[in-house]
Structures are given as C-alpha cells and as structure tokens.
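# Structural overview
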Amino acid sequence: MEYKVEAHRIMSISLGKIYNSRVQRGGIKLHKNLLVSLVLRSARQVYLSDYYSGACLNAQSEREGNEWDITDSEREKFPPSTTECDRVESPEEPQLTEQPEASEKEREYRENDAEKSERVDCTSTSEQESNQNSSLDSVSTETTTESPSDTTVAERDSTPVVVNGESHQPPKTHVCSSNRKRSAEESESGDAPQKRTKVASSNTKEDEEEAEEMDTGNVSNLITIFGSSFSGLLSKDGTKPEAEAEESGQICCDQMLKNLNPWSTAIVAF
Amino acid sequence: MGEDGESTKINHSFLRDYVTEADVISTVEFNQTGDLLATGDKGGRVVIFQRETESKGESEELGESGEYNVYSTFQSHEPDFDYLKSLEIEEKINKIRWLPQQDAAHFLLSTNDKTIKLWKVSERDKRPEGYNLKDEEGRIKDISTVTSLRVPVLKPTDLMVEVRPRRVFANGHTYHVNSISVNSDGETYLSADDLRINMWHLDITDRSFNIVDIKPANMEDLTEVITAAEFHPQHCHLFVYSSSKGTLRLCDMRESALCDRHSKIFEEPEDPGNRSFFSEIISSVSDVKFSHSGRYLLTRDYLTVKVWDLHMEKGPVETYQVHEYLRSRLCSLYENDCIFDKFECVWNSTDSVIMTGAYNSFFRMFDRETGRGVTLEAWRESSKPRAVLRTRRVYTGGRRRRGDVGVDSLDFTKKILHMAWHPAENIIAIAATNNLYIFQDRVKPENQCEET
C-alpha cells in the first residue's frame, strides 16, 4: 500500500505546484505545468488502479453514454463514509466558512484568495455559459441563484475571460463534474481521454473518501473534496498560459463545488 | 559581475536573496571568435566581457594574458506587462546569441520571454574637436569672438563602448520564448516558444514567418511542448527542435513553408524498467546543440547527455550519465522543483569533449573518445587564480575516498545550468548562480581559474 500513499502524496504536491504557478511571476509556465499534470495523471492512475483494478479499466474504456452510469454504480459501492462526503453533497453555502478551518497553513493562507476566486469563477462561468450553451442553462441558473452577491466581483473577472481571444468555448464548461450535471456536460467534451479522466475523477472522489479514513493529514481532505473536479483540472492542462483569465471562468459552476473547501476549489479554478 | 551572498553582510536572509536574485546569471555565450563573452541575468542586464589581448610574444608564460574583463554593461530588457492577459512579463534574459561579425561593430540578439532585441556594440575612441561655433564643453560661442575658421579634427579619446538597440522584434510569441538561433545565412534567425517557432529576418521587425506550430486545435490535447531549437551550423535550410517528450525533430525548410512535419525524428524508446511517476519529466530535453561539424546533436535531459548522429534516428550513439545517483531521489527533487531545472550542454571546439552542469556547483565533462567523465567544481572557496581544478566525486557506493561528497550532502541550490565553451580554445565560462567562472586550459597541463 505504500505506493498508494506515495501516489497520494505526489498528487497533493502536484496540486500545490499547479496552484502556486498561478501566482508566480512571469505568468504560467506551460512546460512545467504540462509536466506536473502528467505526473498528476500517472499518480492518479496508480492510485486508482488498486481499488478498481478491473472495474476502473472497464469504465475507462467506455465511451459516451455509459461512463456516467458506471460512475453512479461505482458510487453505490462506496457509500459516503465521512462527513466530508456529506458536506460535499449538500449544497449549503455556510459550509464554505466552516471548512477553511483547517490546521494546514497553506489552506488558511489561501483561504481568502481561494474563496473569492471560487465565487468569482462560478459566476463568471455561468455568465459565459448562458451566452454560449443553452444545454447548460440549468447549471448556470443554479449557480446564479447560489451566489447572487458575487456579480460585482465576477464582472471584474469575466471581462478578461470574454476578451481573451484564445478562449475555446464549449470545452470550458465540461469542468463541471457534478454527477447531476454530467449528462449535460457530455456534449461538451470532445475526445476519449477527457472522458476517461472524468470517469476516473468520479472514482477518485469515492476512492479518496475511503482514503481519507486511512490518511491522517488534512491533505487528503483536500484531495477528497477536490476529487470531483479532478477532470476539469486535468483537461485544463494545456490551456494554462492563454487561459489565465479564462480559467477563472472555467471553474465548475456546480453547486457541490461551491461548497467545497476553498483551498481545493482554488486549485480547481486553475 | 554580481555580488555573492557572503559579502552582503545582511542578516535578513530574505533581503539577501532579494538583492542577489536579479544578479543570477541566466545565459552565457561566447561570440564567434571567442574574444567577447556575453552574460545575461535575471534582472534583464547584459554584461559583455572582452578578452585582453597580449601583444607581447610569450603570452602563455606571462600568465595574465587572455583575461576577460568587463567591456560593457547595459539593460537589455525591462519588466513588462501584458494588459490583455494581466500577466507580468519577466525581464530575465533567456538567451543571447551573437551575430557573425561583419564590420568593426558587434551585434547580438537577446531575448526575454516575449521580445527579442538586436543590439549593436560599437567602440568609439575618437572625437571631433575644434568646432567653430561651439566651445570644448559644447556651449554656443558668442559669434563676435570667432575671428578665424578652422576645420574640426578627430582626436583620440578614452575608449567608449556604446550599445544601442537596433531592432526590437516584439509580439511574435504568445508563449514563452526559450531559444533563439542565428542562421548560417547571416540574415535570418529563429525564435522558439513552447508551441511555435518563428523565423525572422534581421532587418524586418514587423513580420515573422511561422515555421513550426505544434499547438493542437484543442488545447486539452496538448501532450508536448518545444523545449529548444537550433539552426544547423552550415546548412541554412535545416534546423532541429527538441520536445518535452524527449524527441528531436530535424526539419528542412525546403520541403514546405510550415515545417510541422519533420524530415527526421530522433527518439529513443523508453526503458520500461526505469518507469516511474517522473519518467516523462526526466525525459524532457532541456537543451539541444549541433556539433561544430554539423554531423552530431547533443541533448541534455535530466539525468543524461546524449550524442545523436544525424544519420541515425533510432537512438543516440552515445549516452553519458550525468548524475544517475539522483534517479532514486526523483520524488524529493520533484518536491523541491529541482527536477524541472533546465541544464545546458556544450561541445568543445573539436567536438571531442562535451560538458554539462549538475548540482553542488559541480559540472561534468565527458571525453567522447574514451567515454570517461570527470566531475569538476566551480566554487570560490576551492578556486584561486592559477589553481588546478581538482576532480570531484560523488560517493555512490564502494570504497569511499577522501573528498567524496555524499549524495545527501549535495547542495541542490547551487546548480550549474548555463555554460559556454570558447569556439576555438579550451576556455570555458561557467555560470554559478550570480558568479561567473572562467577556466582556461594552458599549454602546460594546468587549469587557471579566473573568477569574476
């Protein structure tokens, strides 16, 4: 099991690096972040291969239409085991303030930043989506209702999102990885590798909820809660430099995500 | 050159780091004759050193000949800001390349992440004197005091080195520029960023040709980036670029305008036994250099340097382990970001020796004929002028000798990333953080160390 712990650790380190790269001088370095994302992917595959040796691989080979079903069945295998999971599921805003009380210095350090960006991201995504994709109207509506007070903040950030000439439209929205929303997002995703990662991401979430019991550090909490947005992170690998402004708009506008730990959502925002 | 941490006498370590951060050398390059050596640093400055010529006969015996002294210093790039993307653009000089000399002036290209500039370095050692309407200080004379006319003459004056920007090649790159390379035709050069390579004409700044574009239609499909590019030293139509996947692509510009399809691709199949989380990172090529002959390629990835024959694509002809002992420590090197360090590699003038940097102020030289490697150290404490460079060893098992350094005692903050080898002689310039070391090989089997 040591390799799983190792993989877990590497994943959390990678996430930290990706987050840090946002604030680094000189902009996001595409090469470094690509390498970090590759490590992240490898570590995740190793991590998952233990739990789902058969099932996961089968799930990964599924194409459109099936993956989400499998995802749901996988979830059933692993009933929510911790309060984290419950928090993740319930769309209550107050959760946001509770969770940041983590002992980790990093989390607290980034709390304000993350919180703000997370709200901003959700709203700006919703604005963008309503412009671009009618199939996600339900998503954007939900988001908007959840964060009515964020419009002013969002406007500041949504401008660069729109202005950025490099933005690709539909793929941004597939970041949302709520189980409910996945069917809508399916239409967004283009290719197989993305789907694979999405399936794996949902598995990761369950997986890490289990792992959370085993691990002692808070880091695992981050990954657990973060797990649902994993796919978005991985698929955003390549868009880093030009999507700097874009990414704030790409954050999952999912209800669930909004209640996640701001630290992890900040990573997702990237 | 820069100041070192020890001399600042400031107790606050953060302040010391701040002071010296801008002095960290980020590129070193000799010109084609080796008389000039240019260094760029993180603060956007370029310092040019000139080799002192000793006109007296027995120059080697005099010892002090051939020293490099500061010739000129100028601010090449300033911090910039991309307003559209709200991104800061670092002023760090990524690369300097000299143009072949055509007249008395010298030209060099310097680049940061986004903008390439052409600089003219010229000397002025004469000035006109004896104006009729101005006095010696330049003040306008009262015309009534002028009684006779004279012709101004050129009088010798103190040597002044002037550096002026002649061209600014801006807005050519969306991503970070990592390489520039001057073509053998003397008229064009290429600049490479993470996803694209552009070809410029030295006289034209508002246009460039895009010759390689590996940006996928959907950025989520991105799997590799360009890490380095160089023109062939003799054939003006050939260039090579390396990728983060460890492949090299040789492209021929005669084939098509857009060289997305390579003429040759050089890659070595991965050894499945060495697979780890970090296999992709350590296979990323950080530097590629053509040999002077144009027959071979030298590449550097994290743990090795490899020599490739242009005629053989299936694998390198020579592989040298730079610091194999780090393979078991990749995870901690990933944590402290050292695994992302981009080491450069260089050929000597005859293509018989290759050199690259490592950690702990060590650098490695490999003799291609014997296949043997040697570890040397660029460290002020152990280097005094005229001192012989001792070979060092990293202890990895077996009998431990005195002076061996254990892997755990290596200082990973002291990394030798940038270096240059004189084009004709055995003189090497090693950049160690903010210090520049110049080592010369004398006729006598001694190595002299000059440190600036």
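Given the structure is predicted, the values throughout are model-derived calculations rather than measurements.

### A few points about the overall build of chain A
For chain A, the helix and strand inventory stands at 17 helices and zero strands. With 270 residues in all, chain A has 63% of them scored as buried. For chain A, restricting intrachain contacts to residue pairs at least 6 apart in sequence, the fraction spanning at least 24 positions comes to 78%. Just so you have it, chain A exposes about 9600 Å², and 51% of that area is on carbon and sulfur atoms.

### Considering the overall build of chain B
Secondary structure assignment for chain B yields four helices and 33 strands. Here chain B holds 452 residues, and the buried ones make up 52% of them. Taking all contacts inside chain B whose residues are at least 6 apart in sequence as the whole, residues at least 24 apart take part in 51%. Looking at chain B as shown, the accessible area adds up to about 21700 Å², and 48% of this sits on carbon and sulfur atoms.

### Quick notes on unusual backbone geometry
Residues and elements named next belong to chain B. Backbone geometry places asparagine 171, a non-glycine residue, at a positive phi of 60°. As for its position among the elements, asparagine 171 is in the loop between strand E10 (153–169) and strand E11 (179–182). Of note in the backbone geometry, serine 361 takes a positive phi value of approximately 60° without being a glycine. Take serine 361: it is sitting in the loop between strand E24 (353–357) and strand E25 (362–367). Serine 361 sits in the buried class, given a relative accessible area of 4%.

### Notes on the packing of aromatic side chains
This structure, assessed with the given rule, holds 18 aromatic pairs over all chains. The interplanar angle of 5° and the centroid separation of 6.2 Å between the aromatic rings of tyrosine 189 of chain B and tryptophan 200 of chain B together place this pair among those described as stacked. Remark: tryptophan 200 of chain B occurs in strand E13 (residues 196–201) and tyrosine 189 of chain B occurs in strand E12 (residues 188–192); sequence separation between them is eleven residues. Both residues of the pair, tyrosine 189 of chain B and tryptophan 200 of chain B, belong to the buried class. Grouping aromatic residues by their ring pairs yields a cluster made of Phe277, Phe278, Tyr334 and Phe340 of chain B. In this arrangement the basic side chain of lysine 4 of chain A is found over the ring face of tyrosine 47 of chain A, its NZ or CZ atom lying 5.2 Å from the centre. Cation over ring: lysine 134 of chain B sits above tyrosine 131 of chain B, and NZ or CZ is 4.6 Å from the ring centre.

### A few points about the sheet that holds strand E20 (residues 296–300) of chain B
Residues and elements named next belong to chain B. Here we have four strands laid out as an open sheet, ordered E19-E20-E21-E22, and antiparallel in their pairing. Because the sheet does not close on itself, it has two edges, and the strands there are strand E19 (287–290) and strand E22 (318–321). Sheet twist, expressed as the mean angle between neighbouring strand axes with direction ignored, is 15°.

### Considerations on the side chain of aspartate 404 of chain B
If you trace the backbone, aspartate 404 of chain B turns up in the loop between strand E28 (394–395) and strand E29 (405–406). Filtering out sequence-adjacent residues up to four positions away, aspartate 404 of chain B remains in contact with Arg393, Tyr395 and Arg399 of chain B.

### Focus: the confidence of the model for chain B
Residue and element names in this part refer to chain B. On average, residues of chain B score 89 in pLDDT, and 90% of them reach the 70 mark or higher. Ignoring residues within four places in sequence, the model shows residues 444–452, a span with pLDDT below 50, making 42 contacts including any to other chains. Predicted as a complex, the structure gets a pTM of 0.68 and an ipTM equal to 0.86.

### Details of the interface of chain B and chain A
Across the contact, 36 residues belong to chain B and 37 residues belong to chain A. Roughly 3300 Å² is buried in total at the junction of chain B and chain A, and carbon and sulfur atoms are behind 60% of that figure. Considering only the side of chain B, the residues that lose the most area to chain A are Glu220, Phe277 and Tyr334 of chain B, jointly responsible for 22% of the buried surface there. Inspection of the chain B/chain A interface yields six salt bridges. Two residues, lysine 32 of chain A and aspartate 337 of chain B, come together in a salt bridge whose shortest N-O distance is 2.8 Å. On the surface where chain B and chain A come into contact, there are twelve residue pairs in polar contact (both at pLDDT 80 or more). At the level of secondary structure, the elements contributing two or more residues to the side of chain B that touches chain A comprise strand E6 (87–89), helix H3 (279–283) and helix H4 (330–335) of chain B. Among the elements that line the side of chain B that touches chain A, the one with the most residues is H4 of chain B, at three residues. Taken together, the residues that form the side of chain B that touches chain A break down as 15 nonpolar, seven polar and 14 charged.

### Describing the pattern of salt bridges
Residue and element names in this part refer to chain B. A full pass over the atoms with the stated rule returns 38 salt bridges over all chains. For glutamate 29, the salt bridge identified is with arginine 97, shortest N-O distance 3.0 Å. Of the two residues, glutamate 29 sits in strand E1 (residues 25–30) while arginine 97 sits in strand E7 (residues 95–98), which places them 68 residues apart along the sequence. Under the relative-accessibility criterion, glutamate 29 is labelled buried at 18%.

### Let's talk about the nonpolar core
With 47 residues, the main nonpolar core has Phe278, Tyr302, Leu326, Tyr334 and Ile339 of chain B as its most contacted residues. Only helix H1 (2–23) and helix H2 (30–51) of chain A together with H3, strand E21 (304–309), H4, strand E23 (345–347) and E25 of chain B provide two or more residues apiece to this core. If one sorts the elements of this core by residue count, H2 of chain A sits on top with seven residues. Among residues more than four places away in sequence, those in contact with phenylalanine 278 of chain B are Ile10 and Val39 of chain A together with Leu330, Cys331, Tyr334 and Ile339 of chain B. Ranked by size, the runner-up nonpolar core spans 16 residues in total, among them Val346, Ile416, Ile428 and Ala432 of chain B.

### A closer look at the sheet that holds E12 of chain B
Residue and element names in this part refer to chain B. Spatial strand order, E11-E12-E13-E14: four strands in an open sheet with antiparallel pairing. At either margin of the open sheet sits one strand with a lone partner, and together these are E11 and strand E14 (209–213). Between one strand and the next, the sheet's axes are offset by a mean angle of 20°, whatever the strand orientation. Relative to E12, E11 runs antiparallel, the two being bridged by four bridges. By the bridge assignment for E12, serine 181 is matched with leucine 190.

### Quick word on the pairing of strand E30 (residues 418–421) of chain B
Residues and elements named next belong to chain B. The alternating pattern of E30 places His418 and Ala420 and Met419 and Trp421 on opposite faces, both of which are buried. Across four bridges, E30 lies against strand E31 (residues 427–432) in antiparallel orientation. Across the sheet, residue methionine 419 finds its bridge partner in E31, namely isoleucine 430.

### Some remarks on the confidence of the model for chain A
Summing up the model confidence of chain A, the mean pLDDT is 49 and the portion of residues at 70 or higher is 18%. Contacts for the low-pLDDT stretch residues 54–270 of chain A, under 50 throughout, to residues beyond four places or in other chains number 380 contacts.

### Some points on the environment of leucine 190 of chain B
All names here are of chain B. As for its position among the elements, leucine 190 is in strand E12. Along the backbone, leucine 190 and tryptophan 200 are ten residues apart, and their C-alpha atoms lie at a distance of 6.1 Å. If we ignore the near neighbours within four places in the chain, the residues touching leucine 190 are Ser179, Ile180, Ser181, Ile197, Asn198, Met199, Ala229, Glu230, Phe231 and Phe239.

The rules behind the values
- Residues numbered from 1 in each chain as written.
- Chains lettered and ligands numbered in written order.
- Predicted model: local features only at pLDDT ≥ 70, side-chain atom pairs only at ≥ 80, totals over all residues.
- Heavy atoms only, no water.
- Helix = DSSP H or I, 4+ residues; strand = E, 2+ residues; numbered from the N terminus.
- Buried < 20%, exposed > 50% of the residue type's maximum accessible area, 1.4 Å probe, protein only.
- Contact = heavy atoms within 4.5 Å.
- Areas by Shrake-Rupley, 256 points an atom, 1.4 Å probe, with all protein chains shown as cover.
- Phe/Tyr/Trp six-rings, centres within 6.5 Å; stacked < 30°, edge-to-face > 60°.
- Lys NZ or Arg CZ within 6 Å of the ring centre and 35° of its normal.
- Pairing = 2+ DSSP bridges.
- Axes fitted to C-alpha atoms, helices over the stretch in contact; angles between N-to-C directions.
- pLDDT = per-residue confidence, 0-100.
- Buried area = accessible area lost by both parts, 1.4 Å probe.
- Salt bridge = Lys/Arg side-chain N within 4 Å of Asp/Glu carboxyl O.
- Polar contact = N/O pair within 3.5 Å; in protein donor to acceptor, adjacent residues only side chain to side chain.
- Nonpolar A, V, L, I, M, F, W, Y, C, P; charged D, E, K, R; others polar.
- Core = buried A, V, L, I, M, F, W, Y, C linked by side-chain atoms within 4.5 Å.

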